[in-house]
Amino acid sequence: QDVTLRLSHWVPAGIAPASKGIEPWAKAVEDASGGSIAIQLFPAQQLGKAPDHYDMAKQGIVDMAWVNPGYTAGRFPIYALTEVPFMVDDSVQGAKAIHEWYLENGAEAEMSDVKVCFIHPHAPGALHSKEAITSPDQIKGKNIRPAHATMARFVSLLGGGPVQVPAPEVREALSRGTAEAVTFPWGAMYDFKLTGEVPQHLDMPFYMSAQVLVMNLASYDKLSDENKAVIDSHCTPEWSAKVAQGWHDDDMAARDKLIADGEQTLNEPSEADVAAWREASQPLIDEWKESVVAKGGDADAILDAYVKSLEANDAKY
Amino acid sequence: MTPDRNGAGGALKTVHIIERIAGVMLGLVTVLIVISAIGRYGFARPVPDAFDLSRLVLGVAIAWGLASLGFHGTHIKVDLLAHALPAAARRAINALAWAVLLGFTILLTWKIWERLVSAFYGGDATMDLRLPHWPFILGIWLGLVAALITTALRLWLITARGQDLGEYDGIDEQLEQDLRLK
Amino acid sequence: MSNELIATGGFVALFALMLVRVPIGIAMGLVGIGGFGAVVGMGPALNLLSQSPISTITDFNLTLIPFFVLMGVLATNSGMSSELFRAGRAWLGGFRGGLGLASVGACAGFAAICGSSVATAATMTKVAYPEMKSAGYPDDVSTGIIAAGGTLGILIPPSVVLAVYGFITEQDIGVLFVAGIVPGILAVLLYMLTVRVWYASKLPEGEVFHLGAAVRSLRGVWAVGLLFVAVILSIYFGIVTATEAAAAGAFLTALIGLARGRLNASSLLDSLVEALRTSVAIYVVLIGATLFGYFLAITQVPQELTQFLIDLGVGKYGTLLLIMAMFLIMGCFLDAMAMIILMVPIVFPVITELGFDPIWFGVIIVMTVELGLITPPVGMNVFVINSIAARVSLPTIFRGVLPFVAIDVVRLILLIAFPGIVLFLPSGMQ
Ligand code: NA
Ligand code: NA
């Protein structure tokens, strides 16, 4: 065994993104290297806080880090397009589409000081609430815990109050009425035991949050050519789809379980509702464009490329 | 504690002002969270960015508080050995301890300067209002610079003036008076 | 060099630095950086300083610490501690050793609005020690009572140490606070019993009891009662989060103080400065412990230690006793907060693996580090009392506190045997 790579992430080791995404990928890399690469996993913020993970990889504190770019508002303006709702309806092909698009359109501008390995979204998440919500005007006056900075803006735009609490405290916030709804992946309903608090679920691809596995450049450069080839062959859009599959399956199983549960209600929005949601989210795209243009990017071309990539991979909502 | 006993009256005054500004910041954060709670529960209207603003402003206050601790010597430390030693040896230990503290503060100031530069160019911002992070990190960094100065000053007071670390307000004099009055 | 060797070297260096009076947080931070550097390389290790300290001081979950500290400081500066003692004296002063009982009661009352044990001990020394002294109490008894009573500061909510435990282990801080209430009351009763039974013969006769004066004394303590009830009930019934309750508690304490004319702009500002100083001292320990924790994590020694403890085969309670013994020994030398921050991340996985309740363990471990506050050679409560009442020597205070150490051990055994004493109250929360 030649080299040990340290990989840091911030979710508990047992839950789906870790056990059905990161760990199998790490195992695949080890196997493909014939035992020449060992990947040591550090789960649950053992080596740093979730929002610090990008810098931890960039600065060589760890060799690889699993990053949620949505935790650092303003840092990755191009990538923030993946947080805009109602764009993606399939997270597996979507992961591949985002990976292909981002390598061409964004990684060089805003993630050039690391190597992007794979994109790791959950299945499109839903809006879970105490009372049924099907149309955007029902957000007004409600306190909602958003998944990331873009969702926080969306809630504000619709006249709701975004309530910032860390994921493990969401249950408390809901049970105490601090928040009346939450945007979360389906699997989170069981991971965080939320079904008793928010039994109403808006059944549409409401939002997405896509983590990125990044690698320190010096750690990569130090590898032998054979090991570089192993890493390269595992940092592809195809691997992004493969890694995304496990989390997706777990989310979908949770959704099926909710459907089977008589206490839970999945509300399907009408076509008019869907159109209203899309319409309401338009300002998010405008704000996204502004922030990209402010950094000197060609927002229209980047957006166009995103839509094309999603369509080419059959992942456009 | 009087300025003459310290031999650094001007510095003492400056530290006093620094502490008061940091203390006021702590007070403001307290009020901000109370207002935010009232807004959220009472009127379903949270204060925008109350979450980010309160934690960032408190961070600045804590950093400036480091300047106070570096000067007054009131860090949490183990005094066991120091108390058992004669004055000269104790002074050597104090000087060593504060030199180590100064070294750590220098490292921290250097590394947080790098963070400041990175935040300035990186565009990190708050969640709601998208206020840039860098002015807060600048505030933190300036607090560290102040801590650098006050820690160095205390090190000088230890080595040149033979002063000890840690100041407590003893009640023995008051107590004796009370007893005499009874 | 193997990781085990690096980790061992790290602990040796840590204790060496602490012994020569390097601030505990700074010692942990430096060893953390150095050890991380030995494993990963110095460049990346130094880069930890760009990330981690800022994350710590801007962590929203920790903001409740300065608020609860501020609440205690404001309570002291608006004279609430003296009022508590006067009320305790008016009601309990009639018994033999009544001033001692009053001191325990006042410590408990003050603990209900102050999150720190050292602050509780310091405040009560200023209020109660002179009174006991002039009533003819031996120094060892009076300071021993205050040192022990002071430990209630981190058991009876609010508690800075329980808050940090909840932060580290991701447990609900509100639930932890509620879990501390019954063990806190039990501690008060056992301390009073110790004063009455163990020390009664050394103490003077009680004073004459006046019902009218006793009732009048309650006028002074309504503010403390109101604050405690407001803060704890709003956490218990989930009206606000623990952070908001802490901020509101500090805010209300200031308002009451101002309304009663006990605080003015100047003393309010002084209180803010004092609370900031205390909080910054805690934050420095948190910064250092976080860095030290990253060092231990990268060596993977905690995981190996967990495995080792479980493989020992001494059973569930055998392992628990081993862990508590380790805390007790370290408590002889280390600060309570530093110990929680340093050791809980290492032992917590073992505790959950063995199937112990994390809330119950939080209370048990806080009671264990409480003991460290009053055991020689390093007992922070004893030191702070000695620094205020410098005429009373350290050995005198340690001698006086001994019976309370014994009764604390009894209380620990009770709570391990009957976890329900801790858990029945929080189980009523949503
Ligand atoms: Na307390
Ligand atoms: Na001790």
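Residues numbered from 1 in each chain as written. Chains lettered and ligands numbered in written order. Predicted model: local features only at pLDDT ≥ 70, side-chain atom pairs only at ≥ 80, totals over all residues. Heavy atoms only, no water.

Draft legend 1. Representation of the overall build of chain A. What chain A contains, in helices and strands, is 12 helices and 11 strands. Taking 2.2 N^0.38 as the reference for a compact globule, 317 residues should give roughly 20 Å; the C-alpha atoms of chain A span a radius of gyration of 19 Å, in line with that estimate. Overall, chain A is about 55 × 40 × 30 Å in size when its C-alpha atoms are taken along their principal axes. For chain A, with 317 residues in total, the buried portion stands at 61%. For chain A, the computed accessible surface area is about 11300 Å², with 48% contributed by carbon and sulfur atoms. (Helix = DSSP H or I, 4+ residues; strand = E, 2+ residues; numbered from the N terminus. Rg over C-alpha atoms; globule rule 2.2 N^0.38 Å. Buried < 20%, exposed > 50% of the residue type's maximum accessible area, 1.4 Å probe, protein only. Areas by Shrake-Rupley, 256 points an atom, 1.4 Å probe, with all protein chains shown as cover.)

Draft legend 2. Structural context of the interface of chain B and chain A. On the chain A side, the residues contacting the 17 residues of chain B number 23 residues. Summed over both partners, the interface of chain B with chain A buries about 1600 Å², with 46% contributed by carbon and sulfur atoms. When the area that chain B buries against chain A is broken down by residue, the three leading residues are R40, M127 and D128 of chain B, summing to 33%. Linking chain B with chain A are one salt bridge, by the criterion used here. (Contact = heavy atoms within 4.5 Å. Buried area = accessible area lost by both parts, 1.4 Å probe. Salt bridge = Lys/Arg side-chain N within 4 Å of Asp/Glu carboxyl O.)

Draft legend 3. Molecular detail of the state of the cysteines. Counted according to the given criterion, the structure contains one disulfide over all chains. Each disulfide pairs two cysteine sulfurs, and for C117 of chain A the partner residue is C235 of chain A, the sulfurs being separated by 2.3 Å. Taking the sign of the S-S torsion, about 55 degrees here, the bridge from C117 of chain A to C235 of chain A comes out right-handed. Taken as a pair, C117 of chain A in strand β4 (residues 114–121) and C235 of chain A in the loop between α9 (225–234) and α10 (237–260) lie far apart in primary sequence, 118 residues in all. Overall, the relative accessible area of 0% leaves C117 of chain A in the buried class. With relative accessibility at 10%, the residue C235 of chain A sits in the buried group. Free of any disulfide, C107 of chain C has its nearest neighbouring cysteine sulfur in C114 of chain C, separated by 11 Å. Given a relative accessible area of 0%, C107 of chain C falls into the buried group. (Disulfide = S-S within 2.5 Å.)

Draft legend 4. Examining the sheet that holds strand β1 (residues 3–8) of chain A more closely. All names here are of chain A. Taken in spatial order, the five strands line up as β2-β1-β3-β10-β4 in an open sheet, and their pairing is mixed. Taken across any chain shown, the strands that pair with only one partner, and hence form the sheet edges, are β2 (37–42) and β4. In this sheet, adjacent strand axes meet at a mean angle of 20 degrees when their direction is disregarded. Two elements, β1 and β2, share six bridges in a ladder whose sense is parallel. Bridged to L7 within β2 is L41. (Pairing = 2+ DSSP bridges. Axes fitted to C-alpha atoms, helices over the stretch in contact; angles between N-to-C directions.)

Draft legend 5. Molecular detail of the coordination of the sodium ion (ligand 1). Residues and elements named next belong to chain C. Coordination sphere of the sodium ion (ligand 1), protein contribution only: A111 (O), C114 (O), G153 (O), I156 (O) and P158 (O), at 2.2 to 2.4 Å. Ordering the donors of the sodium ion (ligand 1) by residue number gives the pattern A-x2-C-x38-G-x2-I-x1-P. This pair shows no difference in class: A111 is buried, exactly as C114 is. (Donors = N, O, S within 2.8 Å, 3.2 Å for Na, K, Ca; no water.)

Draft legend 6. Quick peek at the pattern of salt bridges. Tallied over the full model, the rule gives 29 salt bridges over all chains. Residue R55 of chain B pairs with D52 of chain B through a salt bridge whose shortest N-O separation is 2.9 Å. Of this pair, R55 of chain B and D52 of chain B both sit in helix α3 (residues 50–72), three residues apart, roughly one helical turn. Three or more residues joined by partner-sharing salt bridges are found here, namely D55 and R75 of chain A together with D124 of chain B.

Draft legend 7. The arrangement of the UniProt feature "domain: TRAP C4-dicarboxylate transport system permease DctM subunit" (unreviewed entry) in chain C in detail. Residues given the UniProt feature "domain: TRAP C4-dicarboxylate transport system permease DctM subunit" (unreviewed entry) here are residues 11–421 of chain C. Secondary structure across residues 11–421 of chain C comprises 79% helix and 0% strand; the distance between its end C-alpha atoms is 36 Å. (UniProt positions renumbered as here; feature names shortened; annotations may be inferred.)

Draft legend 8. Fine view of the nonpolar core. Grouped together as the largest cluster of nonpolar side chains are 256 residues, with contacts concentrated most on M87 and M111 of chain A together with M28, I65, L152, F327 and F361 of chain C. Among the elements that line this core, the one with the most residues is helix α14 (residues 265–299) of chain C, at 20 residues. Residue contributions to this core reach at least three from each of two domains, namely domain 1 (1–58 + 282–299) and domain 2 (59–263 + 300–428) of chain C. Those residues within four positions of M87 of chain A in sequence are excluded, and the remaining contacts are L81, I285, L303, Y306, L310, A315, K316 and Y317 of chain A. (Core = buried A, V, L, I, M, F, W, Y, C linked by side-chain atoms within 4.5 Å. Domains from an automatic or database assignment.)

Draft legend 9. Region of the structure containing the interface of chain C and chain B. The partner chain B presents 67 residues to the 63 residues of chain C that form the contact. Taking both sides of the interface into account, the surface hidden between chain C and chain B amounts to around 6000 Å²; carbon and sulfur atoms contribute 75%. The three residues of chain C that bury the most area against chain B are R21, L276 and R277 of chain C, which together make up 14% of that side's buried surface. R20 of chain B is the salt-bridge partner of D270 of chain C, the closest N and O atoms lying 3.1 Å from each other. Joining chain C to chain B, the criterion identifies 11 residue pairs in polar contact (both at pLDDT 80 or more). Of all the secondary-structure elements, those providing two or more residues to the side of chain C that touches chain B are α1 (3–19), α2 (24–40), α3 (42–57), α4 (64–77), α7 (117–134), α13 (242–259), α14 and α19 (380–388) of chain C. Counting residues per element, the side of chain C that touches chain B draws most heavily on α14 of chain C, which supplies 14 residues. (Polar contact = N/O pair within 3.5 Å; in protein donor to acceptor, adjacent residues only side chain to side chain.)

Draft legend 10. Examining the sheet that holds strand β6 (residues 143–145) of chain A more closely. All names here are of chain A. Taken together, the six strands give an open sheet; going across it, the order is β7-β6-β8-β5-β9-β11, and neighbouring strands pair in mixed fashion. The open sheet has two edge strands with one neighbour each: β7 (161–162) and β11 (265–267). Examined bridge by bridge, strand β5 (residues 125–129) and strand β8 (residues 181–184) share four bridges and lie antiparallel to one another. Bridged to L127 within β8 is T183.

Draft legend 11. View of empty space enclosed by the protein. Here the structure, examined in full by the defined rule, presents seven cavities of 30 Å³ or more. Reported here for the largest cavity is a volume of approximately 130 Å³. Every residue lining the largest cavity is counted, 14 residues in all, and those nearest its centre are L66, F104 and L108 of chain B together with I26 and V284 of chain C. Elements that contribute at least two residues to the lining of the largest cavity include exactly α5 (87–122) and α6 (134–161) of chain B together with α2 and α14 of chain C. Element by element, the count of residues in the lining of the largest cavity is highest for α5 of chain B, at four residues. Looking at the lining of the largest cavity, its residues break down into nine nonpolar, five polar and no charged. (1 Å grid on protein atoms, 1.4 Å probe; cavity = no way out; pocket = protein on both sides within 12 Å on 5 of 7 lines; lining within 4 Å. Points joined across faces, edges and corners; volume = space filled by probe spheres on them. Nonpolar A, V, L, I, M, F, W, Y, C, P; charged D, E, K, R; others polar.)

Draft legend 12. Summary view of the packing of α1 of chain C against α2 of chain C. Residues and elements named next belong to chain C. Where α1 meets α2, the axes come as close as 9 Å, and the angle between the chain directions of the two elements is 155 degrees. Comparing their axes, α2 and α1 come out roughly antiparallel. Judged by the sense of rotation from one axis to the other, the crossing of α1 with α2 is right-handed. In this structure, α1 uses N3, I6, G10, A13, L14, L17 and M18 to contact α2, whose residues at the interface are I24, A27, M28, V31, G35, A38 and V39. In terms of residue class, the contact of α1 with α2 is made up of 11 nonpolar, three polar and no charged. (Parallel < 35°, antiparallel > 145°, perpendicular 65-115°, else oblique. Left-handed = near helix turned anticlockwise from the far one by under 90°.)

Draft legend 13. Geometry of the domain arrangement of chain C. All names here are of chain C. Under the domain assignment used here, chain C contains domain 1 (1–58 + 282–299) and domain 2 (59–263 + 300–428). Distance from the C-alpha centre of domain 1 to the C-alpha centre of domain 2: 29 Å. Counting residues at the interface gives 23 residues for domain 1, matched by 21 residues for domain 2. Both sides of the domain 1 and domain 2 interface together cover about 1600 Å² of buried area, and 76% of this is carbon and sulfur. Area buried by domain 1 at its contact with domain 2 is led by I282, Y283 and L286, which between them contribute 29% of it. Inspection of the region where domain 1 meets domain 2 yields zero salt bridges. At the junction of domain 1 and domain 2, the tally comes to eight residue pairs in polar contact (both at pLDDT 80 or more). Looking at the side of domain 1 that touches domain 2, the elements that each hand over two or more residues are α1, α2, α3 and α14. The dominant element in the side of domain 1 that touches domain 2, judged by the number of residues it contributes, is α14, at 10 residues.

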